[in-house]
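Here's the letter readout for the chains.
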Amino acid sequence: MKVPVVFLISLLWIGTLQAQRDCSFKMIPADQGTLQQFRTDNSSLQSAVSRDTAANEIITIPVVIHLLFNNAAQNLSDAQVLSQLKVLNDDFRRLNADAANTPDAFRSVAADTRIMFCLAQVDPQGRPSKGIIRKYTTKEYFLGDDGMKFSAAGGDDAWDCKKYLNIWVCSMFGRNLGYATPPGGQADKDGVVINYDVFGSIGNLRTNFDKGRTATHEVGHWLGLQHLWGDQNCGSDGIMDTPQQASYNYNCPSFPHVSSCSPNANGDMFMNYMDFTSDVCMNMFTLGQKEKMRSLFALNGIRNSFLLSYACDSSLATGAPVPDDTIPVARTAAGINIFPNPVQQMVNIETTNGYELKGKTISIFTVSGNRIFQQMCNSNTEKINLGQLAAGIYILTVGEGNDRKITKLIKL
Ligand SMILES: [Zn+2]
């Protein structure tokens, strides 16, 4: 089993390195069976004919956000989701305002990848969509075991990964920022996971990770990029124009940051999105990284099918959209109504929030604590005749234990 090992490693990272990009990118060896399936299973695409990318055409990738929330804070606003889409588009098109911070030494290799992202306007069944699925989950957090990708585990099933980039936004255990699957992995796990408190550039976000660059980094992995140091000491990411560096950088180094294997005095490209630096310090992909990412869309490339995806076009949707989930109303005894009060004769006990009254005990006590009445509810609307009760102040309770309605009742 690979997953627990990866998770253990990320736990270890959490323990040893506090405020850094603790991204757990999983290397998946190319699986010919999976690749074959990617190439031939075009049955759900409108056209079975693949097409090649024109050399520098804009490639637009439909994105579906699976927003899994256990409480209101995790149910991010549409505006916050849109802020993330803007960051992705700005960063991949090199329209980011901080592009000016790229050192002169690296500016000549900084790239507009000509890759863009839209929130999906059509769901896999052809219905209209906002590209945001809001789904209530009973899970307070998810572990690194991909549970968020499966409805049966409290998450939400992936949309067809040949047409959509799936991004799951949820609460993850510990300080994990996010992780991604590289191209060619298991279809129902394909996509990116981002912790809800580092998603977007507005809202209540974690210090140093508040500019939406976690998603930029993870989508870079999803498009086949590796960390600059190749995940080993002075390793390689396989990209010609990213200088070799000894290891990751974090926080905000100042330029130049020379390490033991730097090829020259310019040192590390720590402002590249594929390093571990703080959001505010990242501002570039390179031409080599652009070439690598775009190669996935070429004929026979693993993500070639996206060139035929029409999910960004709202005019092609039909039918009614699927409604959002909301946080369930707590069905507690607090939702019980007792009226009229003061009462002369009949007192009514009813629930207003679906709380099940049937089977609960109604008791009436004197102010000195003696129980003078007890009855089991037979339905969700009860009437009790208090005509025989002496005038005065009483305590009426419904239910047992902590979940109990306690009311002061005045008998006239
Ligand atoms: Zn990473």
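This part is about unusual backbone geometry. With omega at -5 degrees, the peptide bond leading from Phe255 into Pro256 counts as cis. Relative to the assigned elements, Pro256 resides in the loop between α5 (213-222) and α6 (287-295). A cis amide bond, omega -10 degrees, links Phe339 with the succeeding residue Pro340. Inspection of the secondary structure puts Pro340 in the loop between β7 (336-339) and β8 (346-351). Look at Arg94: it is not a glycine, yet its phi comes out positive at around 55 degrees. Tracing the backbone shows Arg94 in the loop between α3 (78-92) and α4 (104-107). A positive phi angle, near 75 degrees, is found at Asn208, a position not held by glycine. Within the element layout of this structure, Asn208 appears in the loop between β6 (192-195) and α5. In this structure Asn208 comes out as partly exposed when scored by relative accessible area, which is 28%.

Enumeration over the complete set of coordinates arrives at 3 disulfides. Between the sulfur of Cys118 and that of Cys312 lies a disulfide, 1.9 Å long from S to S. As the torsion about the S-S bond is roughly -90 degrees, the Cys118-Cys312 disulfide counts as left-handed. Here Cys118 is found in strand β2 (residues 115-119), whereas its partner Cys312 is found in the loop between α6 and β7, with 194 residues between them in sequence. Judged by relative accessible area, Cys118 falls into the buried class, the value being 16%. Disulfide pairing is shown between Cys252 and Cys281; the S-S distance is 1.4 Å. In this pair, Cys252 is assigned in the loop between α5 and α6 and Cys281 in the loop between α5 and α6, connecting sequence segments 29 residues apart.

Glancing now at the pattern of salt bridges. Summed over all chains, the structure comprises 16 salt bridges. In this structure, Lys130 and Asp78 form a salt bridge, with 3.2 Å as the shortest nitrogen-oxygen distance. Linking Lys130 in the loop between β2 and β3 (132-136) with Asp78 in helix α3, this pair joins segments that are 52 residues apart in sequence. For Lys130, a relative accessible area of 41% corresponds to the partly exposed category. Measuring nitrogen to oxygen at the nearest pair gives 2.8 Å for the salt bridge that ties Asp90 to Lys86. Highlighted residues: Asp90 and Lys86, both in helix α3, separated by 4 residues, approximately one helical turn. The exposed category is assigned to Lys86, whose relative accessible area is 53%.

This paragraph deals with the sheet that holds strand β10 (residues 371-376). Read from one edge of the open sheet, 4 strands run β10-β9-β12-β13, paired in antiparallel fashion. Bordering the open sheet on either side are β10 and β13 (403-411), each of which pairs with just one other strand. Each neighbouring strand pair of the sheet contributes to a mean axis angle of 20 degrees, computed without reference to strand direction. Where strand β12 (residues 392-400) and β13 come together, 9 bridges link them in antiparallel fashion. By the bridge assignment for β13, Gly392 is matched with Lys411.

A separate point is α3. Between the first and last C-alpha of α3 there are 21 Å, a value that for 15 residues agrees with the 21 Å anticipated at 1.5 Å per step. α3 sits mainly inside the fold: 11 of its 15 residues count as buried. Residues of α3 that are buried include every one of Gln80, Val81, Ser83, Gln84, Leu85, Val87, Leu88, Asn89, Asp90, Asp91 and Phe92, and no others. Along its buried surface, α3 packs onto β1 (59-69), β2, β3, α5 and α6.

Each value, and the rule that gives it
Residues numbered from 1 in each chain as written. Predicted model: local features only at pLDDT ≥ 70, side-chain atom pairs only at ≥ 80, totals over all residues. Heavy atoms only, no water. Helix = DSSP H or I, 4+ residues; strand = E, 2+ residues; numbered from the N terminus. Buried < 20%, exposed > 50% of the residue type's maximum accessible area, 1.4 Å probe, protein only. Disulfide = S-S within 2.5 Å. Salt bridge = Lys/Arg side-chain N within 4 Å of Asp/Glu carboxyl O. Pairing = 2+ DSSP bridges. Axes fitted to C-alpha atoms, helices over the stretch in contact; angles between N-to-C directions. Expected span 1.5 Å × (residues − 1). Contact = heavy atoms within 4.5 Å.

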